[in-house]
Amino acid sequence: ANISFVTSAHALKQLPAPEHPEIAFAGRSNVGKSTLLNRLCNRRNLVKVSARPGKTQSLNYFLVDDSLYLVDLPGYGYAKVPKGMQHGWQELITSYLSTRSTLRCVVVLVDIRHELKASDLQLVDWLRHQGRSYLMVYTKADKLSANDRLKQRAALDAGFSASDRNRVVFSGKTGDGRTELLELLDTFL
Ligand code: GDP
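Residues numbered from 1 in each chain as written. Predicted model: local features only at pLDDT ≥ 70, side-chain atom pairs only at ≥ 80, totals over all residues. Heavy atoms only, no water.

With that settled, consider the pattern of salt bridges. Considering all chains together, one arrives at 7 salt bridges under this definition. A salt bridge links R100 to E22; the nearest nitrogen and oxygen atoms lie 3.0 Å apart. One end of the pair, R100, is in the loop between α2 (83-99) and β5 (103-111); the other, E22, is in strand β2 (residues 22-27), and 78 residues separate them in sequence. Comparing R100 with E22 shows no difference in burial state: the two are buried. A salt bridge links D148 to K151; its shortest N-O distance comes to 3.8 Å. Here D148 pairs with K151, and both are found in helix α4 (residues 146-160), just 3 residues apart, close to one helical turn. Given the relative accessible area of 55%, K151 is considered exposed. (Salt bridge = Lys/Arg side-chain N within 4 Å of Asp/Glu carboxyl O. Helix = DSSP H or I, 4+ residues; strand = E, 2+ residues; numbered from the N terminus. Buried < 20%, exposed > 50% of the residue type's maximum accessible area, 1.4 Å probe, protein only.)

This is the structure we're talking about:
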């Protein structure tokens with residue numbers, strides 16, 4: 001695929017014209033979102049893997065084959081981001097997620113090692129309430145043993161009401177889950 005960076009939007013009025021379907025990627029800072037996007041696109045450095053988590057406050061647009069936008073949403077839940085900026089995140093992201101007509105699916109990333117977090121659940125509940133299609137991705141699967149991976153998958157599935165149909169266990173390190181995620185995303189396009 002031919003993939004290029006398009007723009008960084010800091011406000012709704014800076015978004016590109018809604019002329020292609022888009023898939024957005026959301027998750028807490030440091031969840032592995034940049035790594036996943038690079039893996040999906042088979043690019044080492046398309047999205048900068050963050051040395052300083054919580055920095056990006058913009059929506060970053062990438063164009064795939066002149067026909068699809070991938071939208072990297074700013075990570076949330078980073079304690080060192082000032083409160084005012086957290087509100088700014090909410091405002092920009094919630095207005096984007098609730099109004100963007102060409103948005104087909106929101107991929108919500110959570111770290112498979114962590115317990116259910118209120119901020120993630122809040123986002124998923126809100127998406128459901130909005131009637132927005134979404135997929136869960138449990139990241140950094142390589143960091144757990146096969147046994148713990150199954151246990152954590154079951155716990156998170158229970159928390160998010162997720163199942164094989166709308167959840168992928170993923171590793172940016174090994175590439176596990178990549179094909180599965182691409183196949184699920186394809187159903188929205
Ligand atoms: P972002 O803040 O959500 O964009 O997260 P990054 O992609 O920048 O990753 C944060 C840190 O987690 C980096 O040190 C990555 O190398 C590491 N990381 C991300 N995904 C994985 C994964 O699947 N496996 C492992 N072992 N490390 C990962």
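Next comes the rest of the account.
A separate point is the site of the ligand. Close contacts around the ligand come from 14 residues, with K33, S34, T35, D142 and G172 the closest. Taking G32, its main chain carries an N or O atom lying 3.0 Å from an oxygen atom of the ligand. Note that an oxygen atom of the ligand is positioned 2.8 Å from one of the backbone N or O atoms of K33. Here the ligand has 580 Å² of accessible area as a free molecule, and 78% of this is covered by the chains. Class assignment for the residues of the shell around the ligand results in 2 nonpolar, 7 polar and 5 charged. (Near = heavy atom within 4 Å. Polar contact = N/O pair within 3.5 Å; in protein donor to acceptor, adjacent residues only side chain to side chain. Areas by Shrake-Rupley, 256 points an atom, 1.4 Å probe, with all protein chains shown as cover. Nonpolar A, V, L, I, M, F, W, Y, C, P; charged D, E, K, R; others polar.)

It is worth spelling out the sheet that holds β5 at this point. One open sheet holds the 7 strands; their spatial order is β1-β3-β4-β2-β5-β6-β7, and the pairing between them is mixed. Looking along the sheet, the strands with just one partner apiece sit at the ends: β1 (3-9) and β7 (167-169). In this sheet, neighbouring strand axes are inclined to one another by 20 degrees on average, regardless of whether the strands run parallel or antiparallel. Across 4 bridges, β2 lies against strand β4 (residues 68-72) in parallel orientation. Residue pairing for β4: F25 is matched across the bridge by D72. Each of β2, β5 and β6 (134-139) touches helix α3 (residues 118-130); the most contacted strand, β5, lies at about 160 degrees to it. Along the sheet, α4 makes contact with β5, β6 and β7, crossing β6 at roughly 150 degrees. (Pairing = 2+ DSSP bridges. Axes fitted to C-alpha atoms, helices over the stretch in contact; angles between N-to-C directions. Contact = heavy atoms within 4.5 Å.)

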